[in-house]
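Spelled out from the first residue to the last, the chains are:
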Amino acid sequence: MENTIKVIVFQLHNEQYGVNIQQVRSIEKLLNVTPVPGTADFIKGVINLRGDITPIIDLKDRLQIGKTEYTDHTRVLIINIESIQMGLIVDNATDVLDIEQSIIDAPPEVIGGVTEEYLSGVAKIDDRLLILLDLERILNFQELNEVEKAAAKQL
Amino acid sequence: MDTMEYIDMFLDESREHLQAVNDHLLVLEKNPSEVSLVNEIFRSAHTLKGMAATMQFEDIASLTHQMENVLDLIRNEKLSVTTEVIDITFEAVESLEKMVEDISRDGTGKKDVSHLVSRLEQIEKGSSPETNNPAQKQPPSSASFDISLDEYQGTVVNQAKEQGYQAIQLNISLKEDCVLKAARVFMVFEVLEEAGEVIKAVPSVEELEQEEFDRNFSVILLTEEKKEVVLEKILKVSEVEEVTTASFTPAKEESENSEKTSNESESENESAEQSQQRSSKTIRVNLERIDGLMNLFEEMVIDRGRLEDLSQKIGNKDLSETVEHLARISQDMQGMMLTMRMVPVEQVFNRFPRMVRGLAKDLNKEIELEIIGAETELDRTVVDEIGDPLVHLIRNSIDHGIETPEKRKEQGKTEAGTLTLRAYHSGNSVFIEIEDDGAGINREKVMDKAIANGLLTRDRAEQLTKDKIENLIFSSGFSTAETVSDISGRGVGLDVVRSKIESLGGQIAVESEPGRGSKFSIQLPLTLSILSVLLVKVADEIYGVPLSSIEETVLLNKEHIKYIQKNPVMDFRGKVIPVVSLAEILNTPGNEAADSSVKPVVVVKKGEKMAGLVVDSFIGQKEVVLKSLGSYLQDIFAISGATILGDGGVSLIIDPNALIK
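Residues numbered from 1 in each chain as written. Chains lettered and ligands numbered in written order. Predicted model: local features only at pLDDT ≥ 70, side-chain atom pairs only at ≥ 80, totals over all residues. Heavy atoms only, no water.

1. Notes on the sheet that holds strand β8 (residues 417-426) of chain B
All names here are of chain B. What counts here: The pairing criterion is simple: DSSP has to find at least two bridges between the two strands. Put simply, DSSP marks the helices as runs of H or I at least four residues long and the strands as runs of E at least two long, and each gets a number from the N terminus on. Between the N-to-C directions of two axes lies an angle of 0 to 180 degrees, each axis being a line fitted to C-alpha atoms and, for a helix, fitted only over the stretch in contact. By definition in these notes, contact holds between two residues if any of their heavy atoms fall within 4.5 Å.
Spatial strand order, β6-β8-β9-β11-β10: 5 strands in an open sheet with mixed pairing. Single-partner strands in this sheet number two, and they are β6 (367-372) and β10 (507-513). Across the sheet, the mean angle separating the axes of adjacent strands is 15° when strand polarity is ignored. Bridge count for strand β9 (residues 429-436) against strand β11 (residues 517-525) is 8 bridges, and the pairing is antiparallel. Across the sheet, Phe431 pairs through a bridge with Gln523, a residue of β11. In this fold helix α16 (residues 352-363) packs onto β6 and β8, with an angle of close to 165° to the strand it touches most, β6.

Shown next as structure tokens:
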């Protein structure tokens, strides 16, 4: 069992992505989001998650592969990384899978339009391709603050 | 022994004792003859040593031990209180504090204290000639040391005597040309250990091993053998010149002394017990628990809001009465909870006397520190955060404000500058003021500097009022001291102070009179977590504006908006103030109410300055729990946090301070 990881599988466009289940606190339906002015575009705002103010970002927008159109399947993955809690808007959260470490390959340079820096690997399961995201990289908020500042300057 | 569970207690108590040592030392410096103070310090150091040894923090234990030795000499009047002694003790306390802090950050509490220990030892030794007077009376060749035993050793000697051993004092002199003194000592000791037990050596064994003695030393030996036999054996060791013996009886005086000390320690115990009894009305509660309670209470406040909403909708009289009652009770609870989190600002102020003393010494200035209102209470979070900014301001006042004694004399001031630290409550705020009677702020210099640094142009500078100029020093990249000193930093100072205070929801301002001194005043909110806001609607969103910064709300007729250089302004009680649209600032889409002829305006203030915020409608006043947006969303313009409303939705809280420039 040491060599397998559990991942939550979700969809962005038609690609399947995975994140380590350890980092996911819950999966929520999209509640009413309060927009926060003066932040980057991909930050959709904040929600009240059982008393915690939780920022929500549009994962597609963050990965620069378009924007999410909200449907009934739209879900929010609530993730916890190093005391930061936040929600990622995804198209659909479908599955939980056990993946053996051995079938995870290093990410190719660009996959599904997502640049390599945000990926931690690619797993091939049967004929499916599962892209594993590097959440820490995605949430690197120092970089993010820079993005914010850039956004603020434009205002 | 697993000591981890006691670590918090150890840390708390260590800090208390260090603080006590600190306070008493400062008083002692002014009244060097006050023996009771030395006793207090000794007691604290002693307790610290005991605790540290139990917790296996050896460096702390060894340093306190050495401190204790020196203090013991002082309290037995064998050493007088000099500046040197005070200085080194302060240094030791500082190191101890560092070690304790290190432990609190899960460190090992290790620190190289050998330097301090040896300096303390030197002080201790420096006084030894006094204690060893008799040695000088005897001819140098057979010099002996007057050996005094401590309580424990005294008991050992007495017991040994009862069992038929005898105690012999041996005064041994090595030959003048002896090269390997340590080796000879070693050989002598070998002989001695064979014959019996050495219970005391003067100088100490360590010193002997390090050859830190002239050529005489004395030991007390417990042995069954006869004096002569031992004597002979020692003389067989080469390079031993002379050995004299005397049977040793612990002096009566000594035993009296030891009785005295034991009495003292008893009374120490008693007083410790008493103080424990006295403090039994308070309990130590882990801050985490109070925070936990506070969090739960915040949740309840949110639910209370929800209930209020519901009961209004349902309109049942009984229900509304119950909800109202609940609201009142929770209001009281909130008050109580807040006072639980309140701590006297003393906790921060405490460290300043020593700091000021140290800085004054370093800079060759004379400074009287006056602390007023140390008992003023503030929210724990604020107290934790306010320390650094205050340190900075105080350093600033000492470094740049207060002049050297010579200069002060020239200007007809007293040689010693006065630094006043004042805290007091006023309304819903706490004020902390730092006032000095130094040089004050040189406006010309500030202006030149600001222009040089590109903060403003010459033309603009001419128009600035004196207030504005003084407050320029809070701009970033500013330092007026001609030379950068390591006391007050490198000009990254005051703007950091300002942003820190603003992040605490406070404000800072400075008043100054050239040649007379300057006064920094900091205004801080009593508490951070629960605040009263006015809820307003802008587009589809509800925002909260803190009541503390609202001057008034008005309905403004559209025609009353005037323009100055295309910037909208309004007339508010005879003052012209700028008008800004909150919708524009927040960049919220769909501003429907824009066309209506009467606009609701919230007039907010920051110090003397005011501004009107145009909103779509007022909703009402509400007590809300301020929640942070988290570290992911930092430094968002004009937003200080968020809150959860009765319906479960999130509202953002506006930070009016950011809107008024």
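2. Comments concerning a negative patch on the surface
Residues and elements named next belong to chain B. Worth spelling out the cut-off: Within this analysis, patches are made of residues with over 30% relative accessible area and no salt bridge. Like charges are joined at 9 Å or less; nonpolar side chains (Val, Leu, Ile, Met, Phe, Trp, Tyr) at 5 Å or less. Note on areas: these come from Shrake-Rupley sampling with a 1.4 Å probe, and a residue is covered only by the protein chains present in the view. We define a salt bridge as a side-chain nitrogen of Lys or Arg found within 4 Å of a carboxyl oxygen belonging to Asp or Glu. In this tally, Lys and Arg are treated as positive and Asp and Glu as negative; His is ignored, and so are the chain termini. Positions of charges follow a simple convention, taking NZ of Lys, CZ of Arg, CG of Asp or CD of Glu. Burial here depends on accessible area, computed with a 1.4 Å probe over protein chains only, as a share of the maximum for the residue type. Under 20% is buried, over 50% is exposed, and the range in between is partly exposed.
A surface patch of negative charge is lined by Glu366, Glu368, Glu370, Glu406 and Glu410. Of all the secondary structure elements, the ones that give two or more residues to the negative patch are β6 and α18 (405-410). By the element assignment, Glu368 lies in strand β6. Taking relative accessible area as the criterion, Glu368 reaches 45% and is therefore assigned partly exposed.

3. Points about helix α1 (residues 7-30) of chain B
Residues and elements named next belong to chain B. Selection rule: What a helix should span is 1.5 Å times the count of its residues minus one.
Taking 1.5 Å per residue, 24 residues should reach 34 Å; α1 reaches 35 Å between its end C-alpha atoms and fits that length. Ile7, Phe10, Leu11, Ser14, Leu18, Gln19, Val21, Asn22, His24, Leu25, Leu26 and Leu28 are the residues of α1 that are buried. Lining the buried residues of α1 we find α2 (35-54), α3 (58-75), α4 (83-104) and α16.

4. Observations concerning the pairing of strand β3 (residues 216-223) of chain B
All names here are of chain B. With respect to burial, β3 is a largely interior element, 8 of its 8 residues being buried. A two-sided burial pattern is seen for β3, the buried positions comprising Asn216, Ser218, Ile220 and Leu222 on one face and Phe217, Val219, Leu221 and Thr223 on the other. Alignment of strand β1 (residues 166-174) against β3, held across 8 bridges, turns out to be antiparallel. For Ile172, the partnering residue across the bridge sits in β3 and is Phe217. In this structure, strand β2 (residues 196-202) lies alongside β3, joined through 6 bridges in antiparallel fashion.

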